[in-house]
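Secondary and tertiary structure notes
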Amino acid sequence: MQRIYKTSQRMVAGIAMGLAVASTSVYANGPIGEHVHQLQQHIPHYSEEVDMLIRQVDEVIATYADKGKQGVQSDVLIDYWEAVDFHAAIETSYVPVYALIWQGLFGVKDAIEKGKALQQVRQQQRLFETSLWQALGAVKLAAQYQQQGKLAQAGKENSPGTASQTITEINHRLDRVVAKAAEKLPQQAIDIVHSTYLNLFEGLEGQLIEQDASLVEGLEKDFNVTLPVALKEQADITIIRQIVTQMQTKLNQAQGLLNKAEKSTRDVF
Amino acid sequence: MHRRSFIQGIAAASFLTATPWARAFQSDQRMALSVEQLPSLTGELTLYLGRGEGGLYEKVLDAIRDRNPDLDLRVRRGATAALANTLVAEARAGVRRADLFWAVDSGAIGLVTANGLAKSLPPELTSQLKAGFQYPQWAPVTGRIRTLPYNPQRIAASAIPDSIMALADSQLSIGWAPAYASFQSFVTAMRLLNGEQQTADWLSAMKARSTSYAGELGVVMAVERGEVDLGLANHYYSLRLKAGKPQANIELAFTKNDAGCLVNASGIVCLSENSTAVNFIRYLLTQEVQSYLASEAYEIPLVNGVSMPAGLPGLSSMSPPKLDLTQLADLRPTLDMMRDVGVL
């Protein structure tokens, strides 16, 4: 129960961050489209797209069951996913689930290309479908927030000011790293890691080193060695996610230390 | 242009004689003012703020807001270089959104001043700054000095040359961070002071004995762990490491009168004819703000009468090179050289 609560809390926080950085970020699949500014009125359209995607993937798998891998063009799976508006809607709303969709899609594609047993392909299909439904839920939640004016407007980006805001932004960008790794775009993922380190984490290090030098040392290694190397070697997405989760745990610890330190800082005037 | 400056000078002078806080400037001593001597800030002001020391600049802004309830201060934050480019692009498009630009790096200020966007500051404001840091079109806020952090368990202070050029001929193992912006500004300073050939030769010779790190905190920590004898880094990382870990194996050495002890600065530019913007700059140069940034961010105060951060000798005992810091904007040839030599 506690775990579910934490997951949904994380989703809410992630959604609140999502659209704030949407239109100025680099996306792999071109412009995100105006529809992300009116999520609520596009929910029926997104729902139809989710149904259509599930049907299209199922048809590919049915062909695979019938004719084997020679009878299937597995690249169409990527084309189907990249063609829908729902793609941008979830990418800008909640990146962790977006990464799961890519993971599931590549799971189906790889299983087909490797000629795996139908049962294993179906297993990947179930993961893909689950992540799609989860994504639709996340977009509906984001739409509600957008209606209530609780989301920052896409394109109105302002860099984080406080240390706490900076860490929230770093965590969000690390989620994007997982998403890009799941999309099998390792160089884009590495670029995000480097820019996050240089433009965000590096500005916190000075304050953080006074609080816990070994924590900084660990994160330095994570940002500059562990994560980029894993991405470069195209390690399995579960390993990438594990590294990122560990980094986010350390960053949350850093956030606590910095918040505490900030309270003990003397007044300016 | 001259006439305009002259008129601004007259206006500033009239304002000075009419206000009690201005009389403080009229004494021979150019000491930092107290915030108590400054006028209240009113009206709207838009500040473009390059990312700095985590939340400490934010605390300064919050304190200024709290003290000036009639001030509507709007802040746009971003990477310093990106904001400088935005200001230039906005100006070319005939748009002016910012009244002030507070940059962590004087190179970015150079870009803005070179494009004619900066307004002249009143001489009585710039004269509060220490000698060598008085510029007519921008005000340095705080400084940072290039240092040689070393591990006293591995080498004695006497083994460290006091010339940055001589470091290349030493037998010391060195840590550096070529991708780090402050390092690139330091190499730019060397280019300007020593010329292209000497700088390229120095980089080549240093490359053979240096280990690269992503950032300068990484350099300092590598020195402390004993991975290398000595590093090239801004001063504040070592001071902060010492503050958090007093037993850390790290000391600071300084070169003399060369790029190795360059004092670079964060600074602020006034972009509009707005007396509130000029007075906002005065707040950043007060005893209180300068002292806060020195004690909390370990930055070097650049006005007279404010103590240096703990652990750093006085600026008067250092011998930074004489260099117009806005020239550090000339980064492109530096990056080309570093790539040619193979350190980037």
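Look up: the structure comes first, before these words.
Let me begin by describing the structure that accompanies this report. Because the structure is predicted, anything quoted here is derived from the model rather than measured. (Residues numbered from 1 in each chain as written. Chains lettered and ligands numbered in written order. Predicted model: local features only at pLDDT ≥ 70, side-chain atom pairs only at ≥ 80, totals over all residues. Heavy atoms only, no water.)

1. Regarding the overall build of chain A
Assigned secondary structure in chain A consists of 10 helices and 0 strands. Counting from the amino terminus, chain A carries its helices and strands in the arrangement α-α-α-α-α-α-α-α-α-α. Expressed as a percentage of its 269 residues, the buried residues of chain A come to 50%. Put simply, 79% of the contacts in chain A that link residues at least 6 apart link residues at least 24 apart. For chain A, the exposed surface amounts to about 12,600 Å²; the carbon and sulfur share of it is 50%. (Helix = DSSP H or I, 4+ residues; strand = E, 2+ residues; numbered from the N terminus. Buried < 20%, exposed > 50% of the residue type's maximum accessible area, 1.4 Å probe, protein only. Contact = heavy atoms within 4.5 Å. Areas by Shrake-Rupley, 256 points an atom, 1.4 Å probe, with all protein chains shown as cover.)

2. With respect to the overall build of chain B
Assigned secondary structure in chain B consists of 12 helices and 11 strands. Each of the 344 residues in chain B was classed as buried or not, and the buried ones make up 58%. Summarising the internal contacts of chain B: among those between residues at least 6 apart in sequence, 79% fall at separations of at least 24. Looking at chain B as shown, the accessible area adds up to about 13,400 Å², and 50% of this sits on carbon and sulfur atoms.

3. Focus on helix H3 (residues 80-92) of chain B
All names here are of chain B. With 13 residues, H3 should reach 18 Å at 1.5 Å per residue; the first-to-last C-alpha distance of 19 Å fits that figure. Within H3, burial applies to Thr80, Leu83, Ala84, Leu87, Val88 and Glu90. For H3, the arc enclosing every buried residue in end-on projection is 160°, short of the 170-degree limit, so these residues lie on one face. On the buried face of H3, the contacting elements are strand S1 (43-50), strand S2 (71-78), strand S3 (100-103) and helix H4 (106-114). Immediately beyond the C-terminal end of H3, within one or two residues, lies Gly94, with a positive phi of roughly 75°. (Expected span 1.5 Å × (residues − 1). Arc of directions from axis to C-beta.)

4. So, the pairing of S1 of chain B
Residue and element names in this part refer to chain B. Taken across its 8 residues, S1 has 6 buried, putting it largely inside the fold. Pairing of S1 with S3 involves 3 bridges; the strand directions are parallel. Counted as the bridge partner of Leu47 is Leu100 from S3. (Pairing = 2+ DSSP bridges.)

5. Structural notes on the interface of chain A and chain B
Taken together, the contacts link 29 residues of chain A with 38 residues of chain B. For the pairing of chain A and chain B, the buried interface totals around 2,800 Å² over both sides, and the portion due to carbon and sulfur atoms is 58%. Two residues, Arg225 of chain B and Glu217 of chain A, come together in a salt bridge whose shortest N-O distance is 2.2 Å. Our enumeration of links across chain A and chain B arrives at 7 residue pairs in polar contact (both at pLDDT 80 or more). At the level of elements, helix H8 (186-211) and helix H9 (213-232) of chain A are the ones that each hand at least two residues to the side of chain A that touches chain B. Broken down by element, the side of chain A that touches chain B gets its largest block of residues, 12 residues, from H8 of chain A. (Buried area = accessible area lost by both parts, 1.4 Å probe. Salt bridge = Lys/Arg side-chain N within 4 Å of Asp/Glu carboxyl O. Polar contact = N/O pair within 3.5 Å; in protein donor to acceptor, adjacent residues only side chain to side chain.)

6. Description of the pattern of salt bridges
Residue and element names in this part refer to chain B. Tallied over the entire structure, the rule returns 30 salt bridges over all chains. With its nearest N and O atoms 3.1 Å apart, the salt bridge here joins Arg67 to Glu36. Residue Arg67 is located in helix H2 (residues 56-67), and its partner Glu36 is located in the loop between helix H1 (2-18) and S1; the two are separated by 31 residues in the primary sequence. Note that Glu196 and Arg191 form a salt bridge whose closest N and O atoms lie 3.0 Å from each other.

7. A short note on the packing of aromatic side chains
Residue and element names in this part refer to chain A. Per the stated rule, a full pass over the model turns up 17 aromatic pairs over all chains. Look at Trp102 and Phe106: their rings are 5.6 Å apart centre to centre, the planes differ by 25°, and that puts the pair in the stacked class. Placement of the pair is Trp102 and Phe106 together in helix H5 (residues 95-113), with a separation of 4 residues, close to one helical turn. One exposure class covers both Trp102 and Phe106, and it is buried. For the ring pair Tyr197 and Phe201, a centre distance of 6.1 Å and an interplane angle of 40° mean the geometry is tilted. With a gap of 4 residues between them, Tyr197 and Phe201 both fall in helix H8, about one helical turn apart. You'll find Tyr197 and Phe201 in the same group, each marked buried. A network of ring pairs unites the aromatic residues Tyr46, Trp81, Phe86, Tyr98, Trp102 and Phe106 as a single cluster. (Phe/Tyr/Trp six-rings, centres within 6.5 Å; stacked < 30°, edge-to-face > 60°.)

8. A few points about the pairing of strand S4 (residues 139-150) of chain B
Residues and elements named next belong to chain B. Of all 12 residues making up S4, 12 are buried, and the element is well covered by its neighbours. Here 6 bridges tie S4 to strand S10 (residues 263-270), and the two strands are oriented antiparallel to one another. Opposite Pro140, over in S10, you have Gly267 as the bridge partner. Across 2 bridges, S4 lies against strand S8 (residues 233-234) in antiparallel orientation. Residue pairing in the sheet places Thr147 in a bridge with Ala233 of S8. Relative to strand S9 (residues 251-253), S4 runs antiparallel, the two being bridged by 3 bridges. Looking at the pairing, Leu148 lines up with Ala253 of S9.

9. Comments concerning H4 of chain B
All names here are of chain B. Within H4, 7 of the 9 residues are buried, which leaves it mostly tucked inside the rest of the structure. Turning to H4, its buried residues number three or more, namely Ser106, Gly107, Ala108, Ile109, Gly110, Val112 and Thr113. In the core, the buried residues of H4 are packed alongside H3, S3 and S10. Of the residues that open H4, the one with a side-chain oxygen 2.6 Å from the backbone nitrogen of Gly107 is Asp105. Directly beyond the C-terminal end of H4, a positive phi value near 70° is found at Gly116.

10. What about the nonpolar core?
In terms of nonpolar packing, the biggest core is built from 191 residues, with Trp81, Phe86 and Ile90 of chain A together with Phe101, Leu232 and Phe280 of chain B touching the most fellow members. No other element matches the 11 residues that H5 of chain A contributes to this core. (Core = buried A, V, L, I, M, F, W, Y, C linked by side-chain atoms within 4.5 Å.)

11. A look at the environment of Glu34 of chain A
Within the secondary structure, Glu34 of chain A sits in the loop between helix H1 (2-18) and helix H2 (39-67). In this structure, the C-alpha to C-alpha distance between Glu34 of chain A and Ala88 of chain A, residues 54 residues apart in sequence, is 10.0 Å.

12. Quick notes on the packing of H2 of chain B against helix H10 (residues 275-284) of chain B
Residue and element names in this part refer to chain B. The N-to-C vectors of H2 and H10 enclose an angle of 120°; their axes lie 11 Å apart at closest approach. The angle between H2 and H10 falls in the class oblique. The two elements H2 and H10 cross, and the hand of that crossing is right-handed. Between H2, through Val60, Leu61, Ile64 and Arg67, and H10, the contact on the second element is made entirely by Phe280, Tyr283 and Leu284. Residues belonging to the contact of H2 with H10 are distributed by class as follows: 6 nonpolar, no polar and 1 charged. (Axes fitted to C-alpha atoms, helices over the stretch in contact; angles between N-to-C directions. Parallel < 35°, antiparallel > 145°, perpendicular 65-115°, else oblique. Left-handed = near helix turned anticlockwise from the far one by under 90°. Nonpolar A, V, L, I, M, F, W, Y, C, P; charged D, E, K, R; others polar.)

Any functional reading would require information beyond the geometric quantities listed.
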